Amino acid sequence: MFKKRTDIKKISKRFTNFEKEEKWLGEMLAEGWILKEYGSEDVEECQYIFRLASEEEKKNVVYKIDYRLFIKKRDFEDYQSLFEEAEWQPLAKDTSYMKHIFYTNSSEADRDIFSDKESYQGREKRRMKASLLYSGLCILGMGILFTLWRAFETSSFGGAGMFVLFAAVKNIVDYFKHRKVYKSLI
């Protein structure tokens, strides 16, 4: 019989507001759970994996989130190095991640990863563009699936088309939520 691990906690959750996500990560820390790793959330909910935190970690850790796409591995490595030099530890594993969660436990580090309002606007703008791209791809896929459904009269194409329609609507909603945050920063 296997024992359930009590020092690891996995939670699947979706956020459409980076500040709320940072706050939630801080609340999890206050409850004794420090973020160890996370999965990509661009299509579905993000899975967060926490481990028990020491008392020292609970006092000093701060989480911040950025959102950007890296095509070249070298650009991604330079980006992470920049944050590491500023005493922020990256949790993103590779260039497939667009959401980048950082943490610091240094009292010497600046408590924010952005130096100005324009940087926050840029993050929201990048997230809005990604949501529009995903919505467009979903709508295109839905059109293809519905065309196949009409041509072959196979219900599986129609069912898949409805699923893709749901994903498109979800991404459009995400776009408008990030747009609202973006406009609040202007």
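For the structure, check the block above.
Values in this document were obtained by computation on a predicted structure and should not be read as measured data. (Residues numbered from 1 in each chain as written. Predicted model: local features only at pLDDT ≥ 70, side-chain atom pairs only at ≥ 80, totals over all residues. Heavy atoms only, no water.)

*Asks:* Explain the sheet that holds strand E6 (residues 99–104) to me, and be specific about the residues and the numbers.
*Replies:* Across the sheet, 3 strands lie side by side as E4-E6-E5; this open sheet has antiparallel pairing. Unpaired on one side and paired on the other, strand E4 (62–67) and strand E5 (89–90) mark the two borders of the sheet. Across 2 bridges, E5 lies against E6 in antiparallel orientation. Note on E6: the bridge partner recorded for Gln 89 is Tyr 103. (Pairing = 2+ DSSP bridges. Helix = DSSP H or I, 4+ residues; strand = E, 2+ residues; numbered from the N terminus.)

*Asks:* How would you summarise the nonpolar core if you had to cite specific residues and measurements?
*Replies:* Core analysis: the largest hydrophobic core is formed by 38 residues, its most contacted members being Leu 25, Leu 35, Tyr 38, Tyr 48, Phe 50, Tyr 63 and Ile 101. Counting only elements with at least two residues in this core, the list comes to helix H1 (18–30), strand E2 (33–38), strand E3 (46–52), E4, helix H3 (73–85), E6 and helix H4 (117–152). No other element matches the 5 residues that H1 contributes to this core. Sequence-distant contacts of Phe 50, that is, excluding residues within four places in its chain, are made with Asp 7, Ile 8, Lys 9, Ile 11, Trp 24, Leu 25, Met 28, Trp 33, Ile 34, Leu 35 and Lys 36. With 6 residues, the next largest nonpolar core counts Cys 138, Met 142, Val 164 and Ala 167 among its residues. (Core = buried A, V, L, I, M, F, W, Y, C linked by side-chain atoms within 4.5 Å. Buried < 20%, exposed > 50% of the residue type's maximum accessible area, 1.4 Å probe, protein only. Contact = heavy atoms within 4.5 Å.)

*Asks:* Account for a nonpolar patch on the surface, with residues named and values stated.
*Replies:* A cluster of nonpolar side chains, contributed by Leu 133, Leu 137, Leu 140 and Ile 144, occupies part of the molecular surface with about 400 Å² of accessible area. In this structure, Leu 140 sits in helix H4. (Patch = residues over 30% accessible without salt bridge, like charges linked within 9 Å, V, L, I, M, F, W, Y side chains within 5 Å. Areas by Shrake-Rupley, 256 points an atom, 1.4 Å probe, with all protein chains shown as cover. Salt bridge = Lys/Arg side-chain N within 4 Å of Asp/Glu carboxyl O.)

*Asks:* Report on the packing of H4 against helix H5 (residues 155–184), specifying residues and quantitative values.
*Replies:* Direction vectors running N to C along H4 and H5 enclose 165 degrees, while the axes themselves pass 8 Å from each other. Relative to H5, the element H4 lies roughly antiparallel. The way H4 lies across H5 gives a crossing that is left-handed. Looking at side-chain class alone, the contact of H4 with H5 contains 22 nonpolar, 9 polar and 5 charged residues. (Axes fitted to C-alpha atoms, helices over the stretch in contact; angles between N-to-C directions. Parallel < 35°, antiparallel > 145°, perpendicular 65-115°, else oblique. Left-handed = near helix turned anticlockwise from the far one by under 90°. Nonpolar A, V, L, I, M, F, W, Y, C, P; charged D, E, K, R; others polar.)

*Asks:* Provide a residue-level description of the packing of aromatic side chains, including the pertinent values.
*Replies:* Evaluated as defined, the whole model comprises 17 aromatic pairs. Ring centres of Phe 18 and Tyr 67 lie 5.9 Å apart, and the angle between their planes is 40 degrees; this geometry places the pair in the tilted category. Of this pair, Phe 18 sits in helix H1 while Tyr 67 sits in strand E4; the two residues are 49 residues apart in sequence, bridging distant segments of the chain. Taken together, a centroid distance of 5.0 Å and an interplanar angle of 65 degrees make the contact between Trp 24 and Tyr 48 edge-to-face. With Trp 24 in helix H1 and Tyr 48 in strand E3, this residue pair connects regions lying 24 residues apart in the sequence. Of the aromatic side chains, those joined through ring pairs into one cluster are Phe 70, Phe 76, Tyr 79, Phe 83 and Phe 102. (Phe/Tyr/Trp six-rings, centres within 6.5 Å; stacked < 30°, edge-to-face > 60°.)

*Asks:* Go over the sheet that holds E2 with me, naming the residues and quoting the values.
*Replies:* Spatial strand order, E1-E3-E2: 3 strands in an open sheet with antiparallel pairing. Either end of the sheet is taken by a strand with one partner, and the two such strands are strand E1 (8–13) and E2. Strand after strand, the sheet turns through a mean of 35 degrees between neighbouring axes, direction not considered. Across 6 bridges, E1 lies against E3 in antiparallel orientation. Residue pairing for E3: Ser 12 is matched across the bridge by Gln 47. Against the sheet, H1 contacts E1, E2 and E3, and its axis sits at roughly 25 degrees relative to E3.

*Asks:* Describe the pattern of salt bridges, listing the residues and the values that go with them.
*Replies:* A complete count under the given rule lists 14 salt bridges for this structure. With its nearest N and O atoms 2.6 Å apart, the salt bridge here joins Glu 21 to Lys 99. Linking Glu 21 in helix H1 with Lys 99 in strand E6, this pair joins segments that are 78 residues apart in sequence. Both residues of the pair, Glu 21 and Lys 99, belong to the buried class. The closest approach of N and O atoms between Glu 55 and Lys 58, which form a salt bridge, is 3.1 Å. With Glu 55 and Lys 58 both in helix H2 (residues 55–60) and 3 residues apart, this pair spans about one turn of that helix. Salt bridges sharing common partners tie together Glu 22, Lys 64, Arg 123 and Glu 124.

Such coordinate-based values are descriptive only and should not be taken to indicate function.
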